[in-house]
Amino acid sequence: MADVLFTNVRILEGGTQQPYQGSVRVSGNRIREVGRSLAPVGGFNSGVQVIDAAGATLMPGMCEAHTHFSWNDAATLAAIQAMPLEEHVLWCAKVAGRYLQAGFTSCVGAACAKPRLDVVTRNAINKGQIPGPRYLAASQEITVPGGLGDETLPHLPFPEFSFGVNVNGAEDMRAAVRRFLAYGVDSIKLNLSGDNFTPQSPAGTTWMTDAEVAAAMQEVKMRGKRGVAHARSADSVKQALRHGIELIYHASYTDTETLDLLEAARDEVFVAPGIAILYAMLHEAEPFGVTHQMAVDMGYQDEWDNAIESLKAMHKRGIRVLPGGDYGFAFTPHCQNARDLEFFVKYLGMTPLEAIRSTAEFGGPVMKMPHDLGLIKPGYLADLLLVDGDPLANLSILRDPKRILAVMKDGVFAKLPPVASERRWERAA
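Residues numbered from 1 in each chain as written. Predicted model: local features only at pLDDT ≥ 70, side-chain atom pairs only at ≥ 80, totals over all residues. Heavy atoms only, no water.

## Some remarks on unusual backbone geometry
Worth spelling out the cut-off: Runs of E in the DSSP output that reach at least two residues are strands. Runs of H or I that reach at least four are helices, and both are numbered from the N terminus. Only protein chains enter the accessibility calculation, which uses a 1.4 Å probe; a residue whose area is less than 20% of its type maximum is buried, one above 50% is exposed, and one in between is partly exposed.
Phi is positive for N8, which is not a glycine, with a value near 55°. Position of N8 relative to the elements: it lies in strand 1 (residues 4-11). By relative accessible area, N8 is classed as partly exposed at 27%. For A111, which is not glycine, the phi dihedral falls at a positive 145°. The residue A111 is located in the loop between strand 7 (104-109) and helix 3 (117-126) in this model.

## A closer look at the sheet that holds strand 6 (residues 62-67)
To keep things clear, this is the line we draw: At least two DSSP bridges between two strands are required for those strands to pair. To get an axis, fit a line to the C-alpha atoms, keeping to the stretch in contact for a helix; angles then go from 0 to 180 degrees between the N-to-C directions.
Spatially, 3 strands are ordered 6-7-8 in an open sheet, and the strand pairing comes out parallel. A single partner strand is all that each edge strand has here, and the edge strands are strand 6 and strand 8 (134-136). In this sheet, adjacent strand axes meet at a mean angle of 15° when their direction is disregarded. Sheet topology note: the strand 6/strand 7 ladder contains 4 bridges and is parallel. Paired with E64 across the two strands is C107, which belongs to strand 7.

## Regarding the packing of aromatic side chains
Convention followed: Classification of ring pairs rests on two measures: the distance between centres of Phe, Tyr or Trp rings, Trp counted by its six-membered ring, which must be within 6.5 Å, and the angle between planes, read as stacked under 30 degrees, edge-to-face over 60 and tilted in between. Two limits define a charge over a ring: the Lys NZ or Arg CZ must be within 6 Å of the ring centre, and within 35 degrees of the ring normal.
Under the defined criterion, the tally for this structure stands at 15 aromatic pairs. Ring centres 6.0 Å apart and planes at 85° place the aromatic pair F180 and Y183 in the edge-to-face group. A residue pair is termed a helical-turn pair when its members lie 3 or 4 positions apart in one helix, as F180 and Y183 do in helix 4 (residues 170-183) at 3 residues. Pairing Y279 with W304 gives two aromatic rings, centres 5.9 Å apart and planes at 55°, and the pair type is tilted. Here W304 lies in helix 10 (residues 300-316) and Y279 lies in helix 8 (residues 275-283), a separation of 25 residues in the sequence. Overall, the relative accessible area of 10% leaves W304 in the buried class. An aromatic cluster is present here, built from F69, Y99, F104 and Y135 joined pairwise through their rings. The ring of Y20 has R36 lying over it, and the distance from NZ or CZ to the ring centre is 3.8 Å. In this structure, R179 is placed above the aromatic ring of F180, and the distance from its NZ or CZ to the ring centre is 5.9 Å.

## Brief notes about a nonpolar patch on the surface
To keep things clear, this is the line we draw: Patch construction takes residues with relative accessible area above 30% that form no salt bridge. Like charges are linked within 9 Å, and nonpolar side chains (Val, Leu, Ile, Met, Phe, Trp, Tyr) are linked within 5 Å. Here the open area of atoms and residues is found with the Shrake-Rupley method and a 1.4 Å probe, where only the protein chains shown may cover a residue. Whenever Lys or Arg places a side-chain nitrogen within 4 Å of a carboxyl oxygen from Asp or Glu, that contact is recorded as a salt bridge.
Together, L85, V89 and V120 make up a nonpolar patch on the protein surface, roughly 210 Å² of accessible area in all. Mapped onto the elements of the fold, V89 is located in helix 2 (residues 85-101). The exposure class assigned to V89 is partly exposed, which follows from its relative accessible area of 36%.

## Quick look at the environment of C107
Tracing the backbone through its elements, the reader meets C107 in strand 7. Judged by relative accessible area, which is 0%, C107 ranks as buried. For the pair formed by C107 and K189, sequence separation is 82 residues and the distance between their alpha carbons is 15 Å.

## So, the environment of A182
When you line up the elements, A182 lands in helix 4. Note: C-alpha distance between A182 and N126 (56 residues apart in sequence) is 19 Å.

## Some points on the nonpolar core
Rules: Buried Ala, Val, Leu, Ile, Met, Phe, Trp, Tyr and Cys residues that are joined via side-chain atoms within 4.5 Å together make up what is termed a nonpolar core. Contact between two residues is taken to exist if any of their heavy atoms lie within 4.5 Å; hydrogens are not considered.
Residues I142, L190 and L398 are the most contacted members of the largest nonpolar core, which totals 103 residues. Sort the elements by how many residues they give to this core and helix 8 lands first, with 8 residues. In this view, L190 contacts I142, M173, M208, V213, A216, V228, A229, H230 and I245; residues no more than four positions away in its chain are not counted. Formed by 22 residues, the second largest nonpolar core is a distinct cluster that contains A53, L375, Y380 and A406.

This is the structure in structure tokens:
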């Protein structure tokens, strides 16, 4: 594999450093050299593929921390689950490729709609059968009867038709977790709290017993895997922390005790809030049958208000808040995920540089590859984006396919840069 040399690039390294002009050399699947001048690092050696970026931005590939490849852009959980298995496999394969083209070179699975969809998708990506990001595969959502994810119909009491897997008690939980671990998942997803999407189990409620969660996490830790949790209520966030769950989704409602516990564990835990779906339910769901007033009545305004205050406090306390969450519904369609970065700046008080860090540098540890992913540094894996413009001046360009000029994963172009004669780059936000 020939070296690739990016010259005349504006390097956004993905951490706390401000951008700078320079050049980057990729050798094999890793970044070999990073130069801080316009002079190309290593020189123009024969056999090197030279990419003159004409001032475009080179940044790490983005990480999505709460991914549902098998959500099929439907408006309900039942409609997601109803897709036949064969079509669902093809859907996941197509969506995985779209995420890579959109600049997401790493994704953390947050639950799948059928037992092995995530595992099959991850394995196909790793074997080179389909294009897609680096992927950590999740289980289905594990819930309890009446909780979020229980879509079983009384007149059709067949558990295989439920969106989630229902458990009753610690040993029932243990059996379900062992089954998913045997399938080869990287993480077990527990629905600890409710959700306003299911009015019978709203967001402020907490549904699982400590005995059930403890049984799940005993099995997870025994096999060196990860527990992840849907936890919107303060009590469910505390429950997740008590049992060593390291990736918490939502965390909308907090109190001082919850924030103190999160801060004490900030080197071990991550929060991926998924605030885009709260915003969408309030302001963008009317074409799908949910007016603004209906969303308010369902509790979304209250949750939005609490989530913004909770997440602002987390950010100030140094708790790692990452983008991602519940893209794949009709009102939050796939591949608009980078919108989270704009929301982080507009509503949570992050700077644009901090927002980029949340999807770049923080992506390394959440993918369990803290010294390999998320930064443009010598020795790191060459997962890179070439972007037309300055994301720090306008984060929305990361949602525009035309502004993602090139995508590199593992040193190989998943999206080739345009040839010089065809370039019409904006070079600005």
